[in-house]
Amino acid sequence: MTVTASASKVRPPVQRWLVIWVLALTAVLVMFLLQGAIPWAVNYPAGAVVPVADWVGALMGWIKSNLSWLTRSITAVLGVPLDFALDLLAKNFKIGHGADAYVLPRLSWVGVCAAAFLAGHAVGGRKLSLLVGGCFLYIALFGQWTSAMLTLALISIAVPFCIVTGLFAGIWAWRKPWAERLVVSPALDLMQTIPTFAYLIPMLLLFGNSPVSAMIATAIFATPPMVRATMLGLSRVPLEIGEFSDMAGCTARQKLWRVLLPSARPTLMVGVNQVIMLALNMVIIASMIGAGGLGYDVLLALRALKVGEAMEAGLAIVALAIALDRLSQAIAHKQAKGNVHQDVSARFWRRHPNLTLAVSILALTTLFGLFVPAFAAVPKAITFTTAPLWKAAVNWVTINFFDTIEAFRVALILNVLNPVRAFCEGFPWLGAVFLLGLAGYQLSGLRLAALVAALTAFCAATGLWEKTMATVYLCGISAFIACLIGIPIGFVASRSDRFEKIVTPIIDTLQVLPSFCFIIPVVMLFRVGDVTAMIATIAFAVVPAIRYTNHGIRQVPPALIEAAKVSGCTPRQTFFRVQLPLALPEIMLGVNQTILMALAMIIICAMVGTRDLGQEVFIALSKADSGRGIVAGLAIAFIGIVADRLFNAWTAKARARLG
């Protein structure tokens, strides 16, 4: 008896938490079974819904009525550089008005392609020049030049704005820890988890349907990586460098701009790369509020179910994304290696021969465009289209495999999706708040428990519980399948260099593909609905699971692997007992990122008929209902924040346990 009592007093925490979780799950089950007696615990009472959407709508209406002078001023200021970029790349400069207006041509497509070749050669050599120049030439030959230049013009203005804003915000957060903790980090979390459609609603209301609205929405969405890269880069600068600058007599400003920021340049360039990719992705979505360009072409083709035209516009987006991604990565790599010493006394054209040649070619080809139409616009005679081939391919697959595709779709809906959806939508809201709060308390204490419970309760209190759980169901099942596919592929890639060389270009391509491009082929085969959304989301979200798993296993210190081999472990024992446990935190970070990417894609899949929070945002966008859209966007963001915080806490605990 004494031994038993003593054992119960020193019961390990794992056993104690196991008992707590069994009791908690039992309590939630009882809550569900007694829903007839306590219906308010299962379905949030309609009479207790907090009208947050009405409050937000009233606030936005007040801002529109009383601060219209400010929004008009911002539109006018930002419209000047944006109009210049649009005229330079996609349209023509018009001097004067009416019939007497004189037209100056835009940059010649020949010159832009040549400049792309030279830019690639300058930062990455012959291979990169062929890749980047080839991407621009591909866009021209497939008849997508004007639309691609509209997109590029918007990016060329939005990206510098994001870089400058993110740089200064990152410096402020790095210098002031309280600002980073209380202002910057929460703002970044919201900016990165609120769905892209939700950005469009206030922009449409305040700035109208115009390229400026699209540019502002793009800037808001794409700035966070630059802020985080700035904070990370400055924090990683060795203390010795800062101390040396102090000893040299540098002022605080000189120390920052001449010592610390140049030392952090490689990390900053990674942030620039991420800003470019996010801006390109957002510009496509922002086409819905006036951005135009390739995104608008994809939207029109999707609405008309023209698979060929949609695929061509989508592939043009991919080509532009690959070119910009590889260029920015090459610049970052070159900055990390350091610049070659240049003779500052030499003439400019000697110090920058590629830039000088590119500007000269652009000027000459644009001048030729005044006299030779083939230089001003891509001649239709040299363009070609593969739209009929894409349409024929989809038709052939549909005709020959319709029964198989339909059987797979129906079986998936009946046996997997519908049961999981019914379980999620019937889950008691109070039970979800309680269980998630308990998980937060176990992982990180009372603060995380309160945060997770409050964010979950918000989704119920605003009357969005059913749609929230519909979002959780589709996001959860898509992320689960993506991990089932991605983690094993990452395992194989980590153990085989040859397989890694095959996988890496595939996942790189998937990473630069804009989200719309995942929907196009799937919707043609599986029609609209949850199956289409799930397959597109899996393809979009599988990359982090592969990449983090591969990286996590490969970064295990070689000394530990050698020690395991010396101890007599077989390769299998070394993998499962040494490499896998040590890589587990990194793998879980990949799972976390997979969930966040799945959540982002699920919202875009509202375009193909899903019935969740994404549909709420989409309806609000079509009706310009700012309150409804922003509240639904916040609910989506809170799902992402809850998942992110819980997985980060679990990862931190695992890292601490593994030392």
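Values in this document were obtained by computation on a predicted structure and should not be read as measured data. (Residues numbered from 1 in each chain as written. Predicted model: local features only at pLDDT ≥ 70, side-chain atom pairs only at ≥ 80, totals over all residues. Heavy atoms only, no water.)

Engineer: Even after reading the chapter, I still don't get the overall build of the protein chain, so can you show me in this structure?
Structural biologist: Within the protein chain, the regular secondary structure consists of 30 helices and two strands. For 659 residues, the compact-globule estimate of 2.2 N^0.38 gives 26 Å, and the protein chain sits close to it at 27 Å. Summarising its shape, the C-alpha atoms of the protein chain cover approximately 100 × 60 × 60 Å along the three principal directions. Counting the 659 residues in the protein chain, one finds 46% classified as buried. Pairs at least 24 residues apart make up 79% of the contacts formed inside the protein chain by residues separated by at least 6 positions. If you sum the accessible surface of the protein chain, you get close to 33000 Å²; carbon and sulfur atoms cover 68% of it. The protein chain carries 49 positive and 28 negative side-chain charges, and their two centres are separated by 6 Å. (Helix = DSSP H or I, 4+ residues; strand = E, 2+ residues; numbered from the N terminus. Rg over C-alpha atoms; globule rule 2.2 N^0.38 Å. Buried < 20%, exposed > 50% of the residue type's maximum accessible area, 1.4 Å probe, protein only. Contact = heavy atoms within 4.5 Å. Areas by Shrake-Rupley, 256 points an atom, 1.4 Å probe, with all protein chains shown as cover. Lys, Arg positive; Asp, Glu negative; His and termini not counted. Charge placed at Lys NZ, Arg CZ, Asp CG, Glu CD.)

Engineer: I would appreciate a short explanation of the packing of aromatic side chains in the present structure.
Structural biologist: For any pair of aromatic rings, the description rests on two quantities: the centre-to-centre distance and the angle between the ring planes. Scanning all chains against the criterion turns up 12 aromatic pairs. Ring pairs connect the aromatic residues Y138, F142 and F384, which therefore count as one cluster. (Phe/Tyr/Trp six-rings, centres within 6.5 Å; stacked < 30°, edge-to-face > 60°.)

Engineer: What am I meant to see in the side chain of T71 here?
Structural biologist: For T71, the position within the fold is in helix α5 (residues 68-89). A relative accessible area of 10% places T71 in the buried class. In terms of polar contacts, T71 uses its side chain to reach the backbone carbonyl oxygen of S68, at 2.8 Å. Beyond its immediate stretch of four places on either side in the chain, T71 contacts L206 and F207. (Polar contact = N/O pair within 3.5 Å; in protein donor to acceptor, adjacent residues only side chain to side chain.)

Engineer: Would you mind going over the nonpolar core with me for this structure?
Structural biologist: Across soluble globular proteins, nonpolar side chains have a tendency to be buried as a group. Core analysis: the largest hydrophobic core is formed by 188 residues, its most contacted members being F136, W145, M149, L200, F516 and I519. At 16 residues, helix α16 (residues 307-337) tops the list of elements feeding residues into this core. With five residues, the next largest nonpolar core counts A173, V184, L188 and M231 among its residues. (Core = buried A, V, L, I, M, F, W, Y, C linked by side-chain atoms within 4.5 Å.)

Engineer: For this particular structure, what's the right way to read the environment of C517?
Structural biologist: Inspection of the secondary structure assignment puts C517 in helix α25 (residues 516-526). For C517, the residues in contact, after removing those within four places along its chain, are G314 and V318.

Engineer: How do you make sense of the state of the cysteines when you look at a structure like this?
Structural biologist: Between two cysteines, a covalent bond joining their sulfur atoms is known as a disulfide. As enumerated under the stated definition, the model contains zero disulfides in all. Here C605 stays free of any disulfide, with the sulfur of C475 as its closest cysteine sulfur at 11 Å. (Disulfide = S-S within 2.5 Å.)

Engineer: Is there a simple way to think about the pattern of salt bridges in this case?
Structural biologist: In this structure the tally under the stated criterion is eight salt bridges. Of the charged contacts, one joins E425 and R421 as a salt bridge, the two residues approaching to 2.8 Å between their closest N and O atoms. Of the two residues, E425 and R421 both sit in helix α20 (residues 387-425), four residues apart, roughly one turn of that helix. A relative accessible area of 23% means that E425 is categorised as partly exposed. According to the relative accessible area criterion, R421 is buried, its value standing at 11%. (Salt bridge = Lys/Arg side-chain N within 4 Å of Asp/Glu carboxyl O.)

Engineer: I would appreciate a short explanation of a nonpolar patch on the surface in the present structure.
Structural biologist: A cluster of nonpolar residues, L364, L367, F368, L370, F371 and V372, forms a patch on the protein surface that exposes about 590 Å² of accessible area. You can see L370 is positioned in the loop between α18 (353-368) and α19 (373-376). (Patch = residues over 30% accessible without salt bridge, like charges linked within 9 Å, V, L, I, M, F, W, Y side chains within 5 Å.)

Engineer: Before we go on, may I ask you to explain α25 in this structure?
Structural biologist: Think of an α-helix as turning once every 3.6 residues; residues three or four places apart then point the same way. With respect to burial, α25 is a largely interior element, nine of its 11 residues being buried. Within the span of α25, buried status applies to F516, C517, F518, I519, I520, V522, V523, M524 and F526. Looking one or two residues past α25, R527 carries a phi angle of roughly 60 degrees, positive in sign.

Engineer: Looking at this structure, how should I read the packing of helix α23 (residues 465-495) against helix α28 (residues 571-604)?
Structural biologist: Helices that pack against each other are described as a pair by the angle of their axes relative to one another and the distance between those axes. It is at 8 Å that the axes of α23 and α28 come closest, and there the two elements cross at 145 degrees. Relative to α28, the crossing made by α23 is right-handed. Contact with α23, carried on its side by T471, L474, C475, S478, A479, A482, C483, I487, F491 and R495, involves P571, F575, Q579, L580, I587, V591, T594, I595, A598, L599 and I602 of α28 and no other residues of that element. The residue inventory of the contact of α23 with α28, partitioned by class, reads 16 nonpolar, four polar and one charged. (Axes fitted to C-alpha atoms, helices over the stretch in contact; angles between N-to-C directions. Left-handed = near helix turned anticlockwise from the far one by under 90°. Nonpolar A, V, L, I, M, F, W, Y, C, P; charged D, E, K, R; others polar.)

Engineer: Help me out: how do you make sense of the environment of E586 in this one?
Structural biologist: By the element assignment, E586 lies in helix α28. Residue class for E586 comes out buried when judged on its relative accessible area of 13%. If we skip the residues at most four places from it in the chain, E586 touches Y548, H551, G552 and R655.

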